[in-house]
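Structural overview for review
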Amino acid sequence: ETSLRVAVLTTSDRAAAGVYADASGAEVQRCLREYAASGAGAGWRLELAASEVVPDDADAISEVLARWADGGVANLVLTTGGTGLSPRDVTPEATLAVVERTLPGLPELLLGEALRHEPLAA
C-alpha cells in the first residue's frame, strides 16, 4: 500500500475573508475521500494532512506551499482557485515560484477531465 499525505490549498480573496464558505477545497477533499474508499483507490492510503484558505496573494500562497512541502506536511499538494484571468489570480505563478519540478501534461489532463464535467472550466 502506498501512503500519500495530501494537502489542499484554496486561494480566494472572498473565501479567506469569510464572505462565503470555501466550496472548492471542500469538494477536492470530498473527491479524495471518495476515491480512497472506492475500488480505484485500492493500494493507496490517502491522508488529508492539511487544508487552508488564503487570499489571492502570491506571497501568502508561496509561503503555505513552501511550509507544507519543506516541513514534510504533505507529499502531494493540490491547489484550487486563483487560476482565472484577473490580475489577482496568481496561483500558477506563486506555485511556480516554489516548485522544484513540474509534471508536464498533468495540468492539461486535469483540465480535460474538468471540461467533461464543467464546460466553463477553461
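I will try to describe carefully the structure that is included in this document. (Residues numbered from 1 in each chain as written. Predicted model: local features only at pLDDT ≥ 70, side-chain atom pairs only at ≥ 80, totals over all residues. Heavy atoms only, no water.)

Observations concerning the overall build of the chain
Just so we agree on the cut-off: Elements are defined by DSSP. Helices are runs of H or I of four residues or more, strands are runs of E of two residues or more, and each kind is numbered from the N terminus. The globule rule is 2.2 Å times the number of residues to the power 0.38, and the radius of gyration it is compared with is taken over C-alpha atoms. Burial status follows relative accessibility: with a 1.4 Å probe on protein chains alone, a residue under 20% of its type maximum counts as buried, one over 50% as exposed, and anything between as partly exposed. Contacts are residue-level and defined by heavy atoms, with any inter-residue pair within 4.5 Å sufficient. Residue-level accessible areas treat just the shown protein chains as cover; the underlying method is Shrake-Rupley with a 1.4 Å probe. His is not counted, nor are the chain ends, whereas Lys and Arg count as positive and Asp and Glu as negative. All charge positions are set by atom: Lys at NZ, Arg at CZ, Asp at CG, Glu at CD.
Per the secondary structure count, the chain includes 5 helices and 3 strands. Beginning at the N terminus, the succession of helices and strands in the chain can be written as β-α-α-β-α-β-α-α. Taken over the C-alpha trace, the chain has a radius of gyration of 15 Å; the compact-globule value for 122 residues is 14 Å, and the two agree within 12%. Each of the three principal axes of the chain carries a C-alpha extent, and together these read 40 × 35 × 30 Å. By residue count, 23% of the 122 residues in the chain fall in the buried class. Partitioning the contacts of the chain with sequence separation of at least 6, the portion at a separation of at least 24 is 68%. On the chain, roughly 7900 Å² of surface is accessible, and the fraction owed to carbon and sulfur atoms is 58%. In the chain, 9 positive and 18 negative side-chain charges are present, and the distance between their average locations comes to 6 Å.

Quick notes on the sheet that holds strand β2 (residues 44–54)
Note the threshold: Following DSSP output, two strands are said to pair if at least two bridges run between them. Angles here are taken between N-to-C directions and fall from 0 to 180 degrees, while the axes themselves are lines fitted to C-alpha atoms, restricted in helices to the stretch in contact.
If you trace the 3 strands from one edge of the open sheet to the other, you get β2-β1-β3, paired in parallel fashion. Here the strands that pair on one side only, and so sit at the sheet edges, are β2 and β3 (76–80). The average angle at which neighbouring strand axes cross in this sheet is 20°, direction not considered. One ladder, built from 5 bridges, connects strand β1 (residues 2–11) with β3; its direction is parallel. Opposite Val-6, over in β3, you have Leu-76 as the bridge partner. Sheet strands in contact with helix α2 (residues 23–37) are β1, β2 and β3, and its direction is about 165° off that of β1.

Regarding helix α5 (residues 106–117)
Condition: Expected helix span is given by 1.5 Å per residue-to-residue step, counting one fewer step than there are residues.
Given a rise of 1.5 Å per residue, 12 residues ought to cover 16 Å, and the 17 Å separating the end C-alpha atoms of α5 matches this to within 8%. In terms of burial, α5 is largely open, as just 0 of its 12 residues are buried.

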